[in-house]
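Structural characterization, general
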Amino acid sequence: MIEHTLVLIKPDGVQRALAGRIIQRFEDVGLKMVAMRMQWVDGDFARKHYAEHVEKPFFAGLEAMITEGPVIAMVLEGVHAVELVRKMVGGTEPKSSSPGTIRGDFAMHSYPYADAKGSAIKNLIHASGNVEEAKGEVALWFSEDEIHTYATVHEKHTF
Ligand code: CMP
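Each chain has its residues counted from 1, following the order in which its sequence is written. Residue-level local features of this predicted model are given only where pLDDT is at least 70; pairs of side-chain atoms are given and counted only at 80 or more, and the full residue set underlies all totals for whole chains, interfaces and linings. Water and hydrogen atoms play no part in the side-chain values, which are based on all heavy atoms of the structure.

A look at the overall build of the chain
The way it works is that DSSP assigns letters per residue, a run of H or I at least four long becomes a helix, a run of E at least two long becomes a strand, and they are numbered from the N terminus. Check the secondary structure of the chain and you find nine helices and four strands. Going from N to C terminus, the chain has its helices and strands arranged as β-α-α-β-α-α-β-α-α-α-β-α-α. Restricting the calculation to C-alpha atoms gives the radius of gyration, and the globule rule supplies 2.2 Å times the number of residues raised to the power 0.38. Here the C-alpha atoms of the chain give a radius of gyration of 16 Å, agreeing with the 15 Å that 2.2 N^0.38 yields for 159 residues. A 1.4 Å probe rolled over the protein chains alone gives each residue an accessible area, and that area as a share of the maximum for its type sets the label: buried under 20%, exposed over 50%, partly exposed in between. Sorting the 159 residues of the chain into buried and exposed places 46% on the buried side. Here, residues are in contact when the closest pair of their heavy atoms is within 4.5 Å. Within the chain, contacts between residues separated by at least 24 positions form 75% of all contacts whose residues are at least 6 apart in sequence. Carbon together with sulfur atoms contributes 55% to the accessible area of the chain, which is approximately 8,700 Å² in total. Measuring between centres, the 17 positive side-chain charges of the chain sit 5 Å from its 22 negative side-chain charges. Per-residue and other accessible areas were derived by the Shrake-Rupley procedure at a 1.4 Å probe size, with only the shown protein chains allowed to occlude residues. Charged residues are defined here as Lys and Arg on the positive side and Asp and Glu on the negative side; His and the ends of the chain fall outside this count. The atom standing in for a charge is NZ when the residue is Lys, CZ when it is Arg, CG when it is Asp and CD when it is Glu.

So, in structure tokens, the structure goes:
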């Protein structure tokens, strides 16, 4: 039940200086950061990460958005981490994401607005969709020696 999941703070989240507040939410709930890197994504890597979206009409906008600035990539570890992080992130469209979620609290774009601008929807963050996807995405972004093993104070003093 202890899972790893991939989270990206996308260029819009980095440029809006929301990284600290987003990471704080994951730490507050008890998730453990086991890998982290800031990096630029190029077109080839965007097509690997977003393989399922390459044929979608919004892919050109998505590639432009994910390559326009550095992203912060991280692996979070925790109980049912994949499902938990998706719940915290909220739905794809910020306008309809629930209040209390990261997208619902920090972003406002809608599908019609993105379509009118010919861009991908700016929703700050990417999180693996399910356990299988998480395994593939963690392996795509991080080598095994970049994923760290350590005990948090909670693990040291609670269990
Ligand atoms: P993300 O969770 O990173 O996964 C794919 C991304 O594509 C998604 O967040 C949005 O940024 C974008 N996206 C998904 N669906 C649409 C859509 N219908 N129109 C524009 N952008 C989209």
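Regarding helix 5 (residues 81–89)
What helix 5 keeps buried is the set A81, V82, V85, M88 and V89. Taken end-on, helix 5 shows its buried residues confined to a sector of 130 degrees, consistent with a single buried face. Of the exposed residues in helix 5, those oriented more than 90 degrees away from the buried face are E83 and K87. Each element contacted by the buried residues of helix 5 is listed here: strand 1 (2–9), helix 2 (19–29), strand 3 (71–79), helix 6 (102–106), strand 4 (125–127) and helix 8 (131–141). For this quantity, the arc is that covered by the directions from the helix axis to the C-beta atoms.

Notes on the site of the ligand
Nearness here has a simple test: a residue counts as near a molecule or strand if at least one of its heavy atoms is within 4 Å of that partner. As a matter of local geometry, the ligand sits amid 14 residues, with K10, Y50, R103, I121 and N123 nearest to it. Here N123 contributes a side-chain N or O atom positioned 3.1 Å from an oxygen atom of the ligand. In this structure, H126 approaches the ligand through a side-chain N or O atom, which is 3.2 Å from an oxygen atom. Alone, the ligand offers 460 Å² of accessible surface; in the complex the protein occludes 86% of this. Residues that form the shell around the ligand fall into these classes: seven nonpolar, five polar and two charged. Pairing of N or O atoms within 3.5 Å defines a polar contact, subject to two protein rules: one partner must be a possible hydrogen donor and the other a possible acceptor, and residues neighboring in sequence count only if both atoms are side-chain atoms. Classes in brief: Ala, Val, Leu, Ile, Met, Phe, Trp, Tyr, Cys and Pro nonpolar; Asp, Glu, Lys and Arg charged; the others, Gly included, polar.

Quick word on the side chain of Q39
Checked against the element boundaries, Q39 lands in strand 2 (residues 32–39). Among the polar contacts listed, one links the side chain of Q39 to the side chain of R37, at a separation of 2.4 Å.

Let's talk about the packing of aromatic side chains
Stacked, edge-to-face and tilted are the three classes for Phe, Tyr and Trp ring pairs, Trp counted by its six-membered ring, which pair at centre distances within 6.5 Å; planes under 30 degrees apart are stacked, over 60 edge-to-face, the rest tilted. Taken as a whole, this structure holds one aromatic pair when the rule is applied. We count a charge as sitting over a ring when the NZ of a lysine or the CZ of an arginine lies within 6 Å of the ring centre and within 35 degrees of the ring normal. For the cation-ring pair, K32 lies above Y150, with the distance from its terminal atom to the ring centre recorded as 5.0 Å.

Here we look at the pattern of salt bridges
Salt bridge, as used here: a side-chain nitrogen of Lys or Arg that lies within 4 Å of a carboxyl oxygen of Asp or Glu. Applying the stated criterion across every chain, the model contains seven salt bridges. A salt bridge links K32 to E77, with the nearest nitrogen and oxygen atoms 3.6 Å apart. Of this pair, K32 sits in strand 2 while E77 sits in strand 3, placing them 45 residues apart in sequence. Accessibility expressed as a relative area gives 8% for K32, which makes it buried. Its salt-bridge partner being R47, residue D44 comes within 3.3 Å of it at the nearest N-O pair. Of this pair, D44 and R47 both sit in helix 3 (residues 43–49), separated by three residues, roughly a single helical turn. Residues participating in the shared-partner salt-bridge network are K32, E77 and E155.

Structural notes on the nonpolar core
Nine residue types can take part in a nonpolar core, namely buried Ala, Val, Leu, Ile, Met, Phe, Trp, Tyr and Cys, and a core is a set of them joined through side-chain atoms within 4.5 Å. Within the largest apolar cluster, 23 residues are counted, with the highest numbers of intra-cluster contacts made by V7, I9, F26, M74, L76, V85 and I125. The set of elements that each furnish at least two residues to this core consists of strand 1, helix 2, strand 3, helix 5, helix 6 and strand 4. Here V85 is in contact with T5, V7, F26, L31, L76 and A127, once residues within four sequence places are set aside. In terms of nonpolar packing, the next biggest core, distinct from the first, is built from 19 residues, M65, V71, V75 and W141 among them.

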